[in-house]
Every structure is written in structure tokens, then in C-alpha cells.
Amino acid sequence: MNRLQSASDLEKLRKQILSKRDPKKPCIVICSGTGCIASGCEKVSVAFQEELEKQKLMDKVDIRTGGCPGFCERGPIVVVQPEGIFYQLVEAKDVAEIITETVLKKKVIDRLLFTDPQTGKKIVLEKEVPFYKKQKRILMDSNSLIDPAKIEDYLAIGGYSALAKALFEMKPEEVIDSIKRSGLRGRGGAGFPTGTKWEICHKAKGDLKYVICNADEGDPGAFANRGLLEGNPHSILEGMLIGAYAIGSSEGFVYVRHEYPLAVKNVKIAIDQMRELGLLGKGILGSKFNFDIKVVQGAGAFICGEETALMASIEGKKGEPRQRPPFPADRGVWGKPTNINNVETWANVPLIVNNGAEWFANIGTAKSKGTKIFSLVGKINNTGLVEVPLGMPLKEMIYDIGGGIPKGKKLKSVQCGGPSGGCIPADSISVPIDYEALKELGAMMGSGGMIVMDEDTCMVDTAKYFSKFLLDESCGKCMTCREGLERLLEITTDITEGKGKMEDLQTLAELGSLVKEASMCGLGQTAPNPVLTTLRYFRPEYEAHIKGSCPAKVCKALISYHIDPERCTACGLCMKNCPADAITGKKGMVHIIDQGKCIKCDTCYDVCPEKFDAVRKISGEPAPRAVPQGTPIKKREAKQ
Amino acid sequence: MIKLRIDDMDVQAEEGWTILDAASFYGIDIPTLCHLDGLTPYGACRLCIVEIGEGKNAKLVSSCTYPVYEGLKVRTHSKKVMGARKLIIELMVARCPNSKTIQDLASKYGLQKVRFKLKDEECVLCGLCVRMCKEQMMSGAIDFVGHGKDRRITTAFDEKSDLCRTCGGCMFICPICELRCQGPNPPGALCGSCMNMSSTCLDHYDDAQCFMVESGCGTCVREDAKEKPKEKT
């Protein structure tokens, strides 16, 4: 392809691409996001390729390996266009049938359709699936419309038109003003107004300025940025170009985790394609604007998602935060003014430039505009990425989009905002979700991780788990974060082991607020959130632990297992599976757990068939005395 | 000159000063551990935190790294600051109970009880030695390795460094690796005697402090030894 010399060149190329495409031509879209790759979509797409070759349909049917549409729970997902027929859990053996039945004969295969768990109805079309129906997918929608490795696909859906508009119709100040009016706020968690951030950097003095895309998404259970980077890298890069033009920057970095190989690959491909087309380099689209982007891979440290640590890492130093001010907008990478935004923030920029600030400001709440992608994970039926307008209550997200809690269990809490987010209790889930509301609840927007927990989750154990994660990932530079977190972990561990004291709760609260207020960087300032919020909303659970019982029956030191002699049928499953040989029993005799040998691994509880339900977890009281060896099982009355 | 308010006083500071610089210029005492004139501010010990801003926007920042600006309002000894500082000292004592510097800080701030399990670390990771070695001795033989609670200071690959000239700058500057107080209290106890000037054994030694007397056993805190001096008097 030739370098584009002007905006009209770009439009010409777009028309050329579109003229070659027939919207009525059948196209099989296979999700190739990481979620679906894990469920085996690569085999499915190879099978489609082979099958089409076998049936000599290569010219008549297109295949597209698109980005993640978000419904990871049901992957691999295949959508047959132009009708938009939605097939889920597709395997290689279904491929031939999809081609002969659906693509050629336009017949729907019932068995591959999605069944709505609430109504029991089969759903044919993608747009009718309840998971998608309530979402507002301004960012995620394009993921399934394009192949992330093809710039032509992105151009075909109007790609880089926002860049052309900004370059030739707007002054940098106008772009900044437009972003300011849109009300876009940083999607990395803190929610700083993006337009204001750009303005500060625009006004900062410096011959060389940098823009950075923060794609170091390290939160366990969060993959929203990953979905965007893998599915539509061009939208992010276009946003960066517009931002760089507005700020007056000529160099950019995409700082992406090494653990996201597909994202790294797709971004690199995208950058190469842009360079070929003259969308990067000197004189972009024939204007005076020069810009280039480098990809920097993070080496796995969670702390490098913090902006000052990230910049130290780009400079080749150890990823350690420093105290702000000076802020990056004044002194960033190598002391130059730097503007750093999250992946999702950048992806919103082209949409705002194209559709206008007012369009964007119309979505969301008074102070939080636009949509946000959340990673809905944990004890939820429809795991995946959901994009909703800000201000949607959690309840709708969990029950209408997420399809509720599996096995009919009760919702207990939602941990929002990654490991250092807070645990929102089940009775607060009708609160509309925006930056302020989450802060009020003690949680935060963070990277949009949303971990749903049911009644079988112990909140003290959860607080302990996240404190451990954050202590491991803390850089250890500042005293309060390193020592404070270690002590928080020490105290919560004591509590889960039944060694806690009532005074410990006061110490936890004091220490938590110290770490929150006195730490140097964002990690430390948010790290005690799990402890503080669980202490705020689930204090009785802490007290129960101190008194010797774990209400959710999770903490090993506080529970014991017991086989109910009334229900045991001597099937021997528990005995066979017990890794500690703690269960004795014979045919026809009640099985007995030796409490001294039991390692509380939960295996017997898991394997005991549901219809017998003989293994009990007991907490807060000693296990009942075991029946004497050789007690015969109780004969069950035949049900009539 | 930059005009700002520290502890409700109008003060002036020069461009480029930190809050700590300005406060010390006016003789306001802010405790520090990881700060030393001549070394780059590091902001790791958090001891020098002060409160800036008002109402909802009030926050704690480390004064050794925070630059002054026009109209800044600083409180160096507010309730919030003192509470936080005391807890930070408590964490420090729990980590390095045998450092005299930290023990002195503890008694200065009236710390009476340590609620955490005592460790016996010989380093509080203030990084003074690292900066001393790098910035003043131009050597850079030691640095931090590891992160989280595994963070420690060592030479590269834990081997003897060719860069080290055994100048001893690191040991000279260290607030922790000093001889433990030889007073009568068991290691790790909060004593505070040297700071509040109370005699250690008033009941038994009238004319001299116990450790000055030859017979001073230095074990008066031990129940079983309490009887001993009495026999002699």
C-alpha cells in the first residue's frame, strides 16, 4: 500500500476497500479473543478453513477471526453474518453442519443456540441475547466487526476518520476543549478528567513531550483492556494520535504486559501497518504532525501499572513509584512532560471526536460520562466483558446481564476495582455505579474488575487473600505500605486461624487508614480497601471468627468435617478420595473421619453424592462424637 | 519568594524548597529517618508526613519530597499527623526493636505499647546507605533487591562488590546498625529512659544510676532479680 498523503487519500482508500466488499456475502465470524482461544476456537477456525476448501466455497463465504465480543463464558462463539445468527460452545465437529445447514440452507441449528437461563427460551440472533441486550457497546461493538490484524477492516468501519477530522478541521485547543466538554474521565481508576490532564500537558513547557498508553492491566480477574487491545488495537492507537496532536507530542509508548502475548502481537502488527500507510512517522496524512509509537513490554510487576513506576520502567529503571508532585504532565519520562492515559480512555477519544462531545456527554450520569467496560467474573453465570453506561446499578449488571449466581446461591458481595477495590455488600447493589458512588462505598472504579462472591465466600479470608496479593506486589519502598500491609496480613491471618482478639479489629481499622492516607503511591493508598470495606460491612463475620467460627465455613482452622451416620450409605467415595487416609469404613458400615488425620481439604465434601449429602462442614462447635467403628448404616426406607 | 502558611504562621520559602526545608528553616521540628541533607529526598520512611489542604481535600504528604508553592497551607503537628506518625513509629519499633534511634523516637512520641509481633530486623530500608554510596561516594556498590516484604539491601548478586572501597559510609549513616542500648531492659522493650530522663532504678540506687554502680545488675526489670540489690543496701 502507498503512503497516504492527505485526508482525501484516506477517504479514497476507504471507498476502495468498501467497494470490494459485499454486505450480503455470508461471513463466519469466529471470536479469537484469549477467552475463546482457551476454549479451543483455534481448532474451530482451522476446521472452518478446511471445510470451506473441501466444499470449494472459498470465494462465496468469508471467514473472519474477530476480537472478543465479551461473552467468554460461552466460547468459542461463532456468529454467522449477515443474519447475525449466534452460536455458542462451538466445537470443530459442528463446523460442517454450520456450513451446510446455516450458511448454505439458511437453517438454524437448535442445539448450538444460547438458552436464556431465566426464561428457558432459545435465542437465535446475537442482538437478542440478554447478555448483550442491556449493554451499551460503543467500544466493544467494533471488536467483532474487524479482524484486529487487518487495518483494512478498521478503515472499512470508519477508522482514522477522527484523526483526519482532528488534524485538518480542528486546532489542538479545540480537540482539548471537545474532550473537556465530553466529560471523559480516566478509565484507569482514579477518574481524573482527561481533557484537563491534556490541557496541563499541552501548556507544560518542553521541546519534547510524550504520550503513554497504560496497558499494564495486572488486576486478577480483570481483562477489559486486554479485550480492547487484542480486538481493536487501532482504536487505541488512533486515540493516542489525536491526543498527541492535541498535546503537541511527537513520541508515544504503549506499555503493555508481557503476559498479554496476543495484545503485544496485535499492537505491533497495527503499528507496522500504520507506518506503511503513513499514519505514523513524519508528516502524517500530509500534515505537519509527526508522531511515532514504541511498544514497551512490562516484565510482570503489578506496581508498574502505577504511572510513576511505569515511567521508571520505560526509562529502564526498577519499577518503583516516586512521590508526586512533580506530576508526569510537568516531569515525566526522562524529565519531559508526559501524558499518560489508560487503554480504554484512549479508545474513547476517536468516538468523541467523530460523534461530538455532546453525544458522549449524553451517556452516563451527571459527573461520570460515557460507558465503562467491566470484567464480570467470579460466582456468576455469564462470565465476560460487559460494557454499560455509567450509572447502571450493579443489580442490573449482575442479574440482567450476568444472569445471576450459579446454583441458585445467594449473592454476598461484589469486589469492585481489582485487588485494591472494596467489597460492596449485597444490600448496596441497587446503587448506580459511577466514580463517586463507588468511592462512597469504599470501593473504586479501578480497571473495572468485578468479582462476584456468593454466600460460600468468607469475607475475612477474602481480605486476607487480597492483602497477601498486594503485599507481594508492593514495591516495598515506603514504610507504611510494606510494613502496614504485612501487619494487616498478619492480623487477618491470625483471625482466620482463630487466634484473633477483639482489640485486633481496632488495630486493623487504625492501620488500614494509616496505610490509605500516608502511603506514597496509588497502590498503597488503595491497598487496605479490602480489609477496610469488609470490616465496615461484614464486621459480625470478623467477630464470629474471633469467637471461633467461620460462618461461610471456609477457614480451615475453624471448621471440621463430619459424616452424618443417619445419611451415610457407605458408598466409599469419600474414603477412596481422601488424600490423607483419614476416613475409615467398610461395606455396609458408617464411614468415620479421623479428626486427627483430617487435613480439611474439602475432598470428601465435594465427592459425597448430592443425593446422600452425608458429609457436613461444622464450624464454631466441636465435631459430634463419631459413631463406633463398625456401626451398620441405616437402611433407607424405600421411597414410594 | 513563595509565601505559605505552616502551622498557622505566615512564612516565606525559596523557590525549589520542600516543605521540610521551609519548616526546618523556621525551626519547626519534623522527625525524619530517611532524609539527610546532601542526599536526594526519598520519601520512604513516611515519618515526615504533614497535612496539607483543608476539609475534604486535606491529605498527608511526605514533607521531604513535597515542593512548596504559593498559598500552600501546612499543618506539621495536627491530630491526624501525630496519630499517623505514632503508628508509623510503632511499625518501625516492631520491625527494628533494637535500634536506639527508633527507640528514642518512640519515647519522644509517647509510644507505650507495640501491638504487633516483634521482629528483629537489622534494617528499616530507609535507603540512606544506598544513596550515600551512590551519591556521595560515587560508588553504587549496594542497592535494593526484591520487592514487597522481600525487599532488602545488598550488593549485586549478593557477592563482594568490586565497586565497594570499604569506605564505611554506609555504616556511618545507618540509623539502625548501631550498638543496642546497654540499659537494663530486655531487647525490644519500650524503655524510653534516656529520653525522659527518669532513672532506671530509683527504688534501689539513690546516689547513682544503676548502670554506673559496679554492683548494678541491670536486671531490675526481671522479677527474680529484684531482691538482689536490697540485700546489699
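In case you missed it, the structure is sitting above this.
Keep in mind that what you see is a predicted model, and the values were worked out from it rather than measured.

*Asks:* Would you mind going over the environment of Val211(A) in detail, with residue names and values included?
*Replies:* Residues and elements named next belong to chain A. Positionally, Val211 belongs in strand β7 (residues 210–215). Judged by its relative accessible area of 0%, Val211 is buried. Sequence separation of Val211 and Lys12 is 199 residues, and the distance between their C-alpha atoms is 30 Å.

*Asks:* Any details on the packing of helix α19 (residues 479–496) of chain A against helix α2 (residues 79–95) of chain B? Residues and values, ideally.
*Replies:* At a closest axis distance of 10 Å, the pairing of α19(A) and α2(B) adopts a crossing angle of 70 degrees. Put simply, α19(A) runs roughly perpendicular to α2(B). Considering the relative orientation of α19(A) and α2(B), their crossing is left-handed. Across from Met479(A), Thr480(A), Arg482(A), Glu483(A), Gly484(A) and Arg487(A) in α19(A), the residues of α2(B) making contact are Ile88(B), Leu91(B), Met92(B), Ala94(B) and Arg95(B).

*Asks:* Could you give me a rundown of the sheet that holds strand β9 (residues 292–298) of chain A, with the residues and numbers involved?
*Replies:* Residue and element names in this part refer to chain A. With respect to topology, four strands assemble into an open sheet ordered β9-β8-β7-β10, the strand pairing being parallel. Strand pairing shows two members of the sheet lacking a second neighbour, β9 and β10 (338–342), which therefore form its edges. Going across the sheet, the axis of each strand differs from the next one's by a mean of 20 degrees, ignoring polarity. Across the sheet, helix α11 (residues 233–247) lies against β7, β8 (251–257), β9 and β10, angled at about 150 degrees from β7, the strand it touches most. Contacts from helix α14 (residues 343–355) reach β7 and β10 within the one sheet, and its direction differs from that of β10 by about 95 degrees.

*Asks:* So what's going on with the pairing of strand β3 (residues 49–52) of chain B? Which residues, and what values?
*Replies:* Residues and elements named next belong to chain B. Burial along β3 is two-sided: Ile49 and Glu51 facing one way and Val50 and Ile52 facing the other are all buried. The antiparallel pairing of β3 with strand β4 (residues 59–62) creates a hairpin that spans six residues between the two strands, and Gly53 there sits at a positive phi of about 75 degrees. Here two bridges tie β3 to strand β5 (residues 73–75), and the two strands are oriented antiparallel to one another. Looking at the pairing, Ile52 lines up with Val74 of β5.

*Asks:* Which residues make up the pattern of salt bridges, and what values go with them?
*Replies:* Inspection of every chain in the model, using the stated rule, returns 56 salt bridges over all chains. Between Glu97(A) and Arg111(A) there is a salt bridge, with its nearest N and O atoms 2.2 Å apart. Within this pair, whereas Glu97(A) is found in helix α4 (residues 95–104), its partner Arg111(A) is found in the loop between α4 and β5 (114–115), the two being separated by 14 residues in sequence. Of the charged contacts, one joins Lys318(A) and Glu320(A) as a salt bridge, the two residues approaching to 3.6 Å between their closest N and O atoms. Exposure remark for Glu320(A): the relative accessible area of 17% places this residue in the buried category. The structure contains a network of salt bridges with shared partners spanning Arg482(A), Glu483(A), Glu486(A), Arg95(B), Lys119(B) and Glu121(B).

*Asks:* Explain the interface of chain B and chain A to me, using residue names and the numbers behind them.
*Replies:* With 33 residues of chain B in contact, the opposing surface of chain A contributes 31 residues. In total, about 2800 Å² of surface goes out of reach between chain B and chain A, with carbon and sulfur atoms giving 56% of it. Considering only the surface of chain B that becomes buried against chain A, Arg46(B), Leu91(B) and Lys149(B) emerge as the three largest contributors, covering 22% of it. The interface formed by chain B and chain A contains seven salt bridges. Note that Asp494(A) and Lys117(B) form a salt bridge whose closest N and O atoms lie 3.0 Å from each other. Linking chain B with chain A are 20 residue pairs in polar contact (both at pLDDT 80 or more). Broken down by secondary-structure element, the contributors of at least two residues to the side of chain B that touches chain A are β4, α2 and β6 (142–145) of chain B. For the side of chain B that touches chain A, the leading source of residues is α2(B), giving eight residues.

About the thresholds
- Residues numbered from 1 in each chain as written.
- Chains lettered and ligands numbered in written order.
- Predicted model: local features only at pLDDT ≥ 70, side-chain atom pairs only at ≥ 80, totals over all residues.
- Heavy atoms only, no water.
- Helix = DSSP H or I, 4+ residues; strand = E, 2+ residues; numbered from the N terminus.
- Buried < 20%, exposed > 50% of the residue type's maximum accessible area, 1.4 Å probe, protein only.
- Axes fitted to C-alpha atoms, helices over the stretch in contact; angles between N-to-C directions.
- Parallel < 35°, antiparallel > 145°, perpendicular 65-115°, else oblique.
- Left-handed = near helix turned anticlockwise from the far one by under 90°.
- Contact = heavy atoms within 4.5 Å.
- Pairing = 2+ DSSP bridges.
- Salt bridge = Lys/Arg side-chain N within 4 Å of Asp/Glu carboxyl O.
- Buried area = accessible area lost by both parts, 1.4 Å probe.
- Polar contact = N/O pair within 3.5 Å; in protein donor to acceptor, adjacent residues only side chain to side chain.

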